[in-house]
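Chain by chain, the residues:
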Amino acid sequence: MDIKIKAWKAEGLRGAMQDFQIDLSDPLRPIALIQMPTGTGKTTTMTLLRKAFSGDPFSRDEVEELRAEIGPEEGLFELELGLDQTNCKIKITFDFVDLSARYNTVLTPGGNRQGHALPRPYDRLLDKNLARLFVFDGELAAELRDRHLTSADEAIDSLYRLSVLSGLKADADTVLETQRKQNKHITGQQSNTVQRRKDALIEAEDRLQELVEERRVTSLSEASLAEELNTLQATINDLAEKNSKIDDAYEVAKGDVATAAARLDAAHAQVSSYFPRPQALHPAIGVRLAHCYDQIEAAKLPGPSSKVWFDWLSKQPECVCGRPLTDQRHRETILENKDQYLGDEQHGLVNQIKGALKQGAVATAMATETIEALDEATSEHQHAKQQLRAAQDRRIKAAGGNIDTLRSQEKKIENDLNDAQKILATLDASDGGSWKDSIPLCQKEVDSRKEALNEASDTFKTYQKVKFLQAILDEVAAKTVEKVRTTIQDRTNEKLAGVIHAERLTIDRIDRALQLSGSSRVRGEVSVGQSLAVAYAFLTSLFEHASYRLPFIVDSPAGPIDVETRKSVSKLLPQMFPQLIMFVQSGEREGFVEAFYERNDVQYLTCWREPSGIRTECGREAFEAFHSDDDAKPKGDAT
Amino acid sequence: MTDTLFPELIEALREVLEDAGQDSQFDQQLTTLIANAYGGNADRKDVELLLNAVTLDAEDGH
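Residues numbered from 1 in each chain as written. Chains lettered and ligands numbered in written order. Predicted model: local features only at pLDDT ≥ 70, side-chain atom pairs only at ≥ 80, totals over all residues.

A separate point is the overall build of chain B. Tallying secondary structure elements over chain B gives 3 helices and 0 strands in all. Ordering the α and β elements of chain B from the N terminus gives α-α-α. Residue burial in chain B is summarised as follows: out of 62 residues, 29% are buried. Within chain B, contacts between residues at least 6 apart in sequence are counted, and of these 58% link residues at least 24 apart. (Helix = DSSP H or I, 4+ residues; strand = E, 2+ residues; numbered from the N terminus. Buried ≥ 20, exposed ≤ 12 C-beta atoms within 10 Å, placed from the backbone. Contact = placed C-beta atoms within 7 Å.)

Written as structure tokens, this is what we have:
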């Protein structure tokens, strides 16, 4: 799938959008640098492009925003696209009398269609979330790293369209529901039972939804509290470090904490070394495993022969019993039945398990001293941390700081965090408690009520098949996300190494948001420029191997980026997108725009406002000569 | 057949199908269904056909 922007135009809209058009149809120049000073409608154009791609409806307020102060009762925005071999015009007509907007789609070939009606599969692909990625919204750069949001995961979901798998799950539910409705042979009494069970299922499903929502909200609150606590503790540490001449006990306490932490690590390692020999942890485990060994022996596992042996036998001139294997059917029978026996690998594995179980029976029990050492190291570590805390407090107090207020804030956050963690533990508990309080238990209740309903409505078998298929689709989706996250993380880090030279910046993991390496990163201390570079590296990695080619439209692509990084970004972006449309300011020339002057596939457009409307001029000469008064000079790398 | 799919999805699908214990007909049908769904050419009827191809174990339903 190849999607290209050929042109757009606006008529009868507010300000500079009264009469404005851009032509990008030259296939030899897929890169467009558009210089538009502030006030000529850049932000509005970006918003309208996103809407036109996704078909997202307009609110009355949004239409009102577009209305010209003195102007016609109707306005128009038209986006012309190339969807592979199809030409597509998406028209948005604004009615400023009743403040509404309506979409119209013209396909060549294909004709006129009411509404936002892209042909398949483009209609499935181009949604609001995806449009925000490739008609790049600057705010997204910060959101991608915000752990309270899920923008990075949503970006992956959008581009890799994992909603397709959810759609198949929903289709399976519809098949079941249809079959349930079509079952006409159930009696009146059965019908009452069906209704009762249906109500019971709805009750459990509603509760499940509430619990999932509660988990989402609490989890966000937990992340936010944890971050708040980190920041506050970092502030306290910084205050204590600042007043280094006040109290020597602080340095001693810091050393004690480090020593105690090392001892605790060693004690943990000692206990962990017993994990591969669980029998050593407790005698009861040894008894259970010995029983397991006896069971394997009683079942005569792994059996005397492996299927490789039957392969060998099928090729011999005679059987082991001495009879000649002359009949081809006998050989085929041996081969057909070989699968009843374990393969070499499984055979070996079962033998390994047996060997380990036998050896384990004589494993030495973990010494009591090992546990005692762990307890002692834990207490010592706790004590050292308390001493350090007291020393910190003394230092800050001596310097006139209000440590009591800080500690009381810390206590409150810790309590709130603790409460949130307790709620999450209850919500995630898979045993004990009521199904109304825990997601896994409530899910079980929903499943059990579904089974009851399907038994009553005679669709039990279909229900089981649906459940099976949905479980497979869930598993495929989860594994895919995991694999895509790893791939994207590796690619993003490769790109970051090439883009940001001044400092090593890497993504540790993608979990809802992009989590950068280093403790300072946890506190969000990256500059606006770095943030933008991370977003570019991430997005280009996402788009790089997608099965469709999309344009990339960006406003002020290099504004806050330092000159050195600009050069790398100017090389990265054209490699990754088949079409690149950038709204630039003259302040972005140094390091960024000037890098494009060496290329011959760039179209230069300069727009400025005149009393009669917006004037647009093509060509590099006008582009280089133009310098708007409101253009910012190259910005530093602001944090 | 899997032109519309990306490598990570194909690999995940292969791994899941290996453990699913279904016959090759089901594996093929599911792969085609997902590929068609990604290409925008699958509907409920295709899902219904796939459900018919699911083999359930008599005892535990899987």
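Before going further, it helps to examine the interface of chain A and chain B. Between chain A and chain B, the residue contacts involve 28 residues of the former and 24 residues of the latter. Breaking the side of chain A that touches chain B down by element, the ones donating at least two residues are α7 (163-182) and α17 (460-499) of chain A. At 14 residues, the largest contribution of residues to the side of chain A that touches chain B is made by α17 of chain A. Among the residues making up the side of chain A that touches chain B, the classes are represented as 12 nonpolar, 8 polar and 8 charged. (Nonpolar A, V, L, I, M, F, W, Y, C, P; charged D, E, K, R; others polar.)

A few words now on the environment of Ala223 of chain A. Mapped onto the elements, Ala223 of chain A comes out in helix α8 (residues 188-242). Residue classification places Ala223 of chain A among the partly exposed residues on the basis of 17 C-beta atoms within 10 Å.

A few words now on helix α2 (residues 24-38) of chain B. Compared with an ideal rise of 1.5 Å per residue, which puts 15 residues at 21 Å, α2 of chain B spans 21 Å between its outermost C-alpha atoms and is within 8% of the ideal. For α2 of chain B, every residue scored as buried is listed here: Leu30, Leu33, Ile34, Ala37 and Tyr38 of chain B. In a view along the axis of α2 of chain B, the buried residues occupy a sector of 130°, so they form one face of it. Summarising the geometry of α2 of chain B, the exposed residues directed more than 90 degrees from the buried face are Ser24 and Gln25 of chain B. Turning to α2 of chain B, the residues buried within the fold contact α7 of chain A together with α1 (7-20) and α3 (44-53) of chain B. In the segment just after α2 of chain B, Gly40 of chain B is the residue with positive phi, at about 80°. (Expected span 1.5 Å × (residues − 1). Arc of directions from axis to C-beta.)

All names here are of chain A. A sheet is described by the order of its strands in space; here 6 strands give the open sequence β2-β1-β4-β5-β6-β7, paired in antiparallel fashion. Whereas interior strands pair on both sides, the edge strands pair on one side only; in this sheet they are β2 (19-23) and β7 (111-114). Taking each pair of neighbouring strands and ignoring which way they run, the sheet shows an average axis angle of 20°. Where helix α1 (residues 42-54) meets the sheet, its contacts fall on β1 (3-11), β4 (74-83) and β5 (86-95), and the angle it forms with β4 comes to roughly 60°. (Pairing = 2+ DSSP bridges. Axes fitted to C-alpha atoms, helices over the stretch in contact; angles between N-to-C directions.)

Now for the nonpolar core. All names here are of chain A. By size, the foremost hydrophobic cluster in this structure holds 111 residues, and its most contacted members are Leu33, Ile34, Phe134, Leu469 and Met582. Take this core: its biggest share by element is 12 residues, from α17. Counting 13 residues, the second largest nonpolar core, distinct from the first, contains Tyr250, Ala377, Ala391 and Ile403. (Core = buried A, V, L, I, M, F, W, Y, C linked by C-beta atoms within 7 Å.)

Quick look at the pairing of β5 of chain A now. Residue and element names in this part refer to chain A. Relative to β5, β4 runs antiparallel, the two sharing 10 bridges. Counterpart to Leu76 in the pairing with β5 is Thr93. Judged from the 9 bridges that link them, β5 and strand β6 (residues 100-108) form a sheet pairing that is antiparallel. What sits directly across from Lys89, in β6, is Val106. Counting the residues that bridge the hairpin from β5 to β6 gives 4 residues, and of these Leu99 lies at a positive phi of roughly 50°.

Another point: the packing of α17 of chain A against helix α20 (residues 563-576) of chain A. All names here are of chain A. Interaxial distance between α17 and α20 falls to 9 Å at its minimum, and their mutual angle equals 135°. As judged from the angle between their axes, α17 and α20 are oblique. Residues Lys495, Gly498 and Val499 of α17 lie in contact with α20, whose contacting residues are Thr565, Ser568, Val569 and Leu572. The residue inventory of the contact of α17 with α20, partitioned by class, reads 3 nonpolar, 3 polar and 1 charged. (Parallel < 35°, antiparallel > 145°, perpendicular 65-115°, else oblique.)

Okay, unusual backbone geometry next. Residues and elements named next belong to chain A. Between Thr108 and the following residue, Pro109, the backbone shows a cis peptide bond with an omega angle of 0°. Tracing the backbone shows Pro109 in the loop between β6 and β7. The backbone of Leu99 sits at a positive phi, close to 50°, despite the residue not being glycine. Looking at where Leu99 falls in the secondary structure, it is placed in the loop between β5 and β6. One non-glycine residue, Arg161, lies in positive phi territory at about 50°. Within the secondary structure layout, Arg161 lies in the loop between α6 (151-159) and α7. Taking the C-beta count within 10 Å as the criterion, Arg161 has 22 such neighbours and is therefore assigned buried.

Our next topic: the packing of helix α19 (residues 528-544) of chain A against α20 of chain A. Working note: a packed helix pair is described by the angle between its axes plus the distance between those axes. Residue and element names in this part refer to chain A. For the pair α19 and α20, interaxial distance at closest approach is 10 Å and the crossing angle is 20°. With respect to α20, the element α19 is oriented roughly parallel. Every pair of crossing elements has a handedness; the one defined by α19 and α20 is left-handed. Counting all contacts with α19, which are made through Gly529, Ala533, Tyr536, Thr540, Phe543 and Glu544, the residues of α20 involved are Thr565, Val569, Leu572, Leu573 and Met576. Split into classes, the residues belonging to the contact of α19 with α20 amount to 7 nonpolar, 3 polar and 1 charged. (Left-handed = near helix turned anticlockwise from the far one by under 90°.)

Residues and elements named next belong to chain A. Taken in spatial order, the 6 strands of this open sheet run β8-β11-β12-β3-β13-β14, and their pairing is mixed. Unpaired on one side and paired on the other, β8 (135-136) and β14 (613-618) mark the two borders of the sheet. By the bridge criterion, 5 bridges tie strand β11 (residues 551-555) to strand β12 (residues 579-584) in an arrangement that is parallel. Among the inter-strand pairings, Val554 is bridged to a residue of β12, identified as Met582.

All names here are of chain A. Across the 6 residues that make up β12, a large majority, 6, are buried. Residues Gln579, Ile581 and Phe583 point to one face of β12 and Leu580, Met582 and Val584 to the other, with burial holding for every one of them. Pairing analysis gives 5 bridges linking strand β3 (residues 31-35) to β12, with the strands arranged parallel. In the sheet register, Ala32 faces β12, and the bridge partner there is Ile581. Of the crossover connections in this fold, the one passing from β11 over α20 to the parallel β12 is right-handed. (Right-handed = clockwise from strand over helix to strand, strands pointing away.)

Residues and elements named next belong to chain A. Within the fold, Glu80 resides in strand β4. The exposure class of Glu80 is buried, given the 21 C-beta atoms found within 10 Å. Excluding its chain neighbours within four sequence positions, the residues that come into contact with Glu80 are Lys6, Ala7, Trp8 and Lys89.

Bringing the confidence of the model for chain B into the picture now. Within chain B, residue pLDDT values average 82, and 85% of them lie at 70 or more. Interface scoring of the predicted complex returns ipTM 0.92; its pTM is 0.59. (pLDDT = per-residue confidence, 0-100.)

Attention now moves to the confidence of the model for chain A. Should pLDDT be low for a region, the predicted coordinates there are not to be read in detail. Residues and elements named next belong to chain A. When pLDDT is averaged along chain A, the result is 83, and 91% of the positions lie at 70 or above. Note on residues 519-523: pLDDT under 50 across the span, and 7 contacts to partners over four residues away in sequence or across chains. Segment residues 630-639 is flagged for pLDDT under 50; beyond a separation of four residues in sequence, or across chains, it makes 22 contacts in the model.

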